[in-house]
Amino acid sequence: MFTAMLQDGPFAVGDTPPFAHPFSREAKEWSRAIREDQLMKTKYRAIRNQIFDFLGVSTFDEILSLIYDKELREKTTTSAYRLLGNMFGIQGNIEVIDRHLQDYARTADDVMNSLRAKVLAPYSSHIETTNEIETMHDPVGLLLVFFDERFHRKARFEAKRKLVLMNLAGSIDQRERETHIEQKFADFLSFLNEFVWSPSLKIGDLEICYLYSRHNAEDFSCTDVSVLSEEEALKITPVRGEKLTLAKRRRFNDQGCEIPTYVTIRKKPPAAKVLKLLRKNEKNPATAVDDELGLMAVLNSVSDVKRFLRHLTKSAVRADSFMTLEDISDTLTRGEYGGSATGSSAKTPMLKFFARLGGMRVEFIIHTNRSYLNYIYQRDVAHDEYEVKRIFDTGVAEFLFPSDIYHLNMEKIRSIQLARFRKQIEEY
């Protein structure tokens, strides 16, 4: 599937669709280019056969009939929908399958829009998807665009790209239905509200405070932080090297003591999962996306962190479930974070682990106030910078926006965007 996306591979999008005569000069040059790469030839045959099976044809020339014969194309679409429904385990008629495919197309568009909104925001107009492709959700129609000479090269590439992203979205949806992730997320929230957070506050009642911090001029790491009330924060006007960061905090009760903590809970959206599969060069969400459910907590001190961990395990027992902590990485007090993700920094201090409880596996990231501020502000550590690095350094940017089609220098853009985010962090 990823092989089909490569602009230096057998399915590269050229100025014209791939209908060259088998004995033409173009066909001979194409064959010569992959002659010595046996794996590439095997992948080409597999993808070619998938295209033929999906469209119900046996040669590329037969595809032309589908492009110009509306009745034949409708019959092919009905057959293709049934094939996709069975492949992704979708129960229901054609209308049900169509709704799922619309969701997959929406996820594919969300991937593009998320990059346009942040990491590649200044280049949004350069990478905007062609209108005709963005409004399409029918996989047969998208595949036929790739072979349709009426469409510009960029539009034909975007149709192929959307198909690849929709395929990943389908795999993710199938995985979520198999693992009942929606129900698990609801169960996790119920566990937190019933057993973890203090009953002295109503569900959703958050205490507003601000973290007032000073930062090192060399790397913008946090040197000092204090917690201010909303009234105290209104009297403060941060100058250069200072930050005023909002934190809406909950509380948990440990041995009669109410301890505040800022918490953000997330269920990774489908578009984020698709990007993670691309970054890891994986097609299987079961192996690549292990952090579907997650919680990040920020506490005042390391001692509060330890109390929070103990409170979590006790709360799980009260919920009639044992809790085990897996893949623990603790760099809050010493050492460096050994993150394996491309673009991540070894300077990132945090306590990270997976908690298994109640049939769920939840990723926990725990910070102190200082480490949290470093996580969002420090040079070479800040999450905004990490987002840029992991999109460019994993090759995803070039993969989705090849330079021969979009005419963008991704290495230059990487440097520009890192400088831009750094300026935003330190000046505002």
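Because the structure is predicted, anything quoted here is derived from the model rather than measured.

In terms of helices and strands, the protein chain carries 19 helices and eight strands. Overall, the protein chain is about 80 × 50 × 40 Å in size when its C-alpha atoms are taken along their principal axes. Here the protein chain holds 428 residues, and the buried ones make up 49% of them. Within the structure as shown, the protein chain displays about 21,700 Å² of accessible surface, and the carbon and sulfur contribution to it stands at 49%. The protein chain carries 62 positive and 62 negative side-chain charges, and their two centres are separated by 2 Å.

On to the packing of helix α4 (residues 70-87) against helix α8 (residues 139-146), then. It is the contact of α4 with α8, at a shortest axis distance of 9 Å, that shows an interaxial angle of 115°. When α4 is examined against α8, the residues Arg73, Thr76, Thr77, Ala80, Tyr81 and Leu84 are found in contact with a partner set consisting of Pro139, Val140 and Leu144. Taken together, the residues of the contact of α4 with α8 sort by class into six nonpolar, two polar and one charged.

Next up on the list: the packing of α8 against helix α9 (residues 153-179). Two numbers describe how α8 lies on α9: the axes approach to 8 Å, and their chain directions differ by 145°. Of the two possible hands of crossing, α8 and α9 adopt the one that is left-handed. The residues of α9 that touch α8, namely those facing Pro139, Leu142, Leu143, Val145 and Phe146, are Ala155, Arg156, Ala159, Lys160, Lys162, Leu163 and Met166. Of the residues contributing to the contact of α8 with α9, the split by class is nine nonpolar, no polar and three charged.

Among the seven residues in strand β7 (residues 351-357), five count as buried, and that is most of the element. Pairing of β7 with strand β8 (residues 360-368), which is carried by seven bridges, proceeds in the antiparallel orientation. Counterpart to Arg356 in the pairing with β8 is Arg361. Linkage of β7 to β8, two consecutive antiparallel strands, is achieved through a turn of two residues, within which Gly358 is found at a positive phi near 50°.

Turning our attention to the pattern of salt bridges. The tally for this structure, following the rule as stated, stands at 25 salt bridges. The salt bridge involving Asp384 is made with Lys118; its shortest N-O contact spans 2.8 Å. Within this pair, whereas Asp384 is found in helix α16 (residues 383-393), its partner Lys118 is found in the loop between α5 (94-117) and α6 (124-127), the two being separated by 266 residues in sequence. Overall, the relative accessible area of 29% leaves Lys118 in the partly exposed class.

Note on placement: Ile208 falls in strand β1 (residues 207-215). For the pair formed by Ile208 and Pro269, sequence separation is 61 residues and the distance between their alpha carbons is 27 Å. Residue contacts for Ile208: discarding those within four places in its chain leaves Glu230, Leu246, Ala247 and Lys248.

Moving on: the sheet that holds strand β5 (residues 293-299). Read across the sheet, eight strands follow the order β2-β1-β3-β4-β5-β8-β7-β6 without closing on themselves; strand pairing throughout is mixed. Lying at the two open borders of the sheet, with one neighbouring strand each, are β2 (222-229) and β6 (324-330). If you compare each strand with its neighbour and ignore which way they point, the axes differ by 35° on average. Looking at chain direction, strand β3 (residues 242-254) and strand β4 (residues 257-267) are connected through six bridges and run antiparallel.

What follows covers the packing of aromatic side chains. In this structure the tally under the stated criterion is 13 aromatic pairs. Each ring, one from Phe146 and one from Phe147, has its centre 5.0 Å from the other, and the planes form 85°; the classification is edge-to-face. Like Phe146, the residue Phe147 is buried in the burial classification. The ring of Phe354 is capped by Arg361, whose NZ or CZ atom sits 4.0 Å from the centre of that ring. Here Arg420 stacks its cationic end above the ring of Phe421, 5.4 Å away from the centre of that ring.

Topologically, Ala186 is positioned in helix α10 (residues 181-196). By relative accessible area, Ala186 is classed as partly exposed at 32%. Taking the C-alpha atoms as reference points, Ala186 and Asp15, 171 residues apart in sequence, are found 50 Å from one another.

Turning our eyes to something else, we now look at helix α15 (residues 369-377). Counting buried residues along α15, seven of its nine residues qualify, which places the element largely inside the surrounding structure. Taken together, the buried positions of α15 are occupied by Asn369, Ser371, Tyr372, Leu373, Asn374, Tyr375 and Tyr377.

Okay, the confidence of the model for the protein chain next. Taken over all residues, the pLDDT of the protein chain has a mean of 89, while the share at 70 or more is 92%. Per-element mean pLDDT across the protein chain ranges from 67 in helix α1 (residues 25-34) up to 96 in α5.

Parameters and conventions
- Residues numbered from 1 in each chain as written.
- Predicted model: local features only at pLDDT ≥ 70, side-chain atom pairs only at ≥ 80, totals over all residues.
- Heavy atoms only, no water.
- Helix = DSSP H or I, 4+ residues; strand = E, 2+ residues; numbered from the N terminus.
- Buried < 20%, exposed > 50% of the residue type's maximum accessible area, 1.4 Å probe, protein only.
- Areas by Shrake-Rupley, 256 points an atom, 1.4 Å probe, with all protein chains shown as cover.
- Lys, Arg positive; Asp, Glu negative; His and termini not counted.
- Charge placed at Lys NZ, Arg CZ, Asp CG, Glu CD.
- Axes fitted to C-alpha atoms, helices over the stretch in contact; angles between N-to-C directions.
- Contact = heavy atoms within 4.5 Å.
- Nonpolar A, V, L, I, M, F, W, Y, C, P; charged D, E, K, R; others polar.
- Left-handed = near helix turned anticlockwise from the far one by under 90°.
- Pairing = 2+ DSSP bridges.
- Salt bridge = Lys/Arg side-chain N within 4 Å of Asp/Glu carboxyl O.
- Phe/Tyr/Trp six-rings, centres within 6.5 Å; stacked < 30°, edge-to-face > 60°.
- Lys NZ or Arg CZ within 6 Å of the ring centre and 35° of its normal.
- pLDDT = per-residue confidence, 0-100.

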